Amino acid sequence: MAVPTQRAGEPGRTVPTDGASEPERLLRAVARGDEAAFGQLYEIVAPRVFGLVRRVLRDPAQAEEVAQEVLVEIWRTAGRFDPARGSATAWMFTIAHRRAVDRVRTEQARVDRAARLAVASGQTPYDDVVETATTRLEQQQVRRCLDGLTELQRQAITIAYYGGHTYPEVARLLETSLPTVKTRMRDGLIRLRDCLGVEVTR
């Protein structure tokens, strides 16, 4: 669902002044379905919502996505705002913080599931293979073995290990699906392990 915004030059409805803050007056109008008021509210709070979410999430792209989700939720649920329980700004920022924390928990849950699946299937984590290899073998040999991988395998393993990124982050950076990244990394690690002669204890 698209978030309504005020078009340039479009006159907005007059929001009555009654001593309430500007965000609260606009939020009340939004609750009545006033799209122009939402456009004004968007201009006021969007940068601050993004800033709050960005402090919780490290990934700017995810922060932007969550910020948009927050603004959509504000548009849809404005009628639930109760000024007796706090300010409009606090209400909106509570939604933003909750959404950001939920995203962090979701991403962590995905990483944890991937780790459990790797252990259950007997796969060797990429950092075990590469860390063992780099401590036992010359860097030149490691580079030679990495050069023997496909481009995607080499990029994924390098980004994951040296960049410290998770599987989902690697997938986003390489603009590749998560299942594909996992498969390529698994196959690449097997080839890397065989090339380096690394003994892995399961």
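Residues numbered from 1 in each chain as written. Predicted model: local features only at pLDDT ≥ 70, side-chain atom pairs only at ≥ 80, totals over all residues. Heavy atoms only, no water.

1. Considerations on the overall build of the protein chain
- Scanning the protein chain for helices and strands turns up nine helices and zero strands.
- When the elements of the protein chain are put in sequence order from the N terminus, they spell out α-α-α-α-α-α-α-α-α.
- For the protein chain, with 202 residues in total, the buried portion stands at 36%.
- The long-range fraction of contacts in the protein chain, counting pairs at least 24 apart against all pairs at least 6 apart in sequence, stands at 65%. (Helix = DSSP H or I, 4+ residues; strand = E, 2+ residues; numbered from the N terminus. Buried < 20%, exposed > 50% of the residue type's maximum accessible area, 1.4 Å probe, protein only. Contact = heavy atoms within 4.5 Å.)

2. Quick word on the pattern of salt bridges
- Scanning the entire structure with this criterion turns up nine salt bridges.
- For D187, the salt bridge identified is with R186, shortest N-O distance 3.3 Å.
- You can call D187 partly exposed: its relative accessible area is 27%.
- The class for R186 is partly exposed, based on a relative accessible area of 37%. (Salt bridge = Lys/Arg side-chain N within 4 Å of Asp/Glu carboxyl O.)

3. Structural notes on the packing of aromatic side chains
- Throughout the structure, instances matching the rule amount to three aromatic pairs.
- Taken together, a centroid distance of 5.3 Å and an interplanar angle of 70° make the contact between F38 and W75 edge-to-face. Of this pair, F38 sits in helix α2 (residues 35–56) while W75 sits in helix α3 (residues 60–77), placing them 37 residues apart in sequence.
- Linked through ring pairs, F38, Y42 and W75 together constitute an aromatic cluster. (Phe/Tyr/Trp six-rings, centres within 6.5 Å; stacked < 30°, edge-to-face > 60°.)

4. Focus: the packing of helix α1 (residues 22–31) against α2
- Between α1 and α2, the least distance of the axes is 8 Å, while the angle of their chain directions is 145°. Considering only the axes of α1 and α2, their crossing is left-handed. Counted together, E22, P23, L26, L27, A29 and V30 of α1 and A37, F38, Q40, L41 and I44 of α2 form the full contact between these two elements.
- Residues belonging to the contact of α1 with α2 are distributed by class as follows: nine nonpolar, one polar and one charged. (Axes fitted to C-alpha atoms, helices over the stretch in contact; angles between N-to-C directions. Left-handed = near helix turned anticlockwise from the far one by under 90°. Nonpolar A, V, L, I, M, F, W, Y, C, P; charged D, E, K, R; others polar.)

5. Let's talk about α1
- Extensive coverage of α1 is indicated by the burial of seven of its ten residues.
- Those residues of α1 lying buried are P23, E24, R25, L26, L27, A29 and V30.

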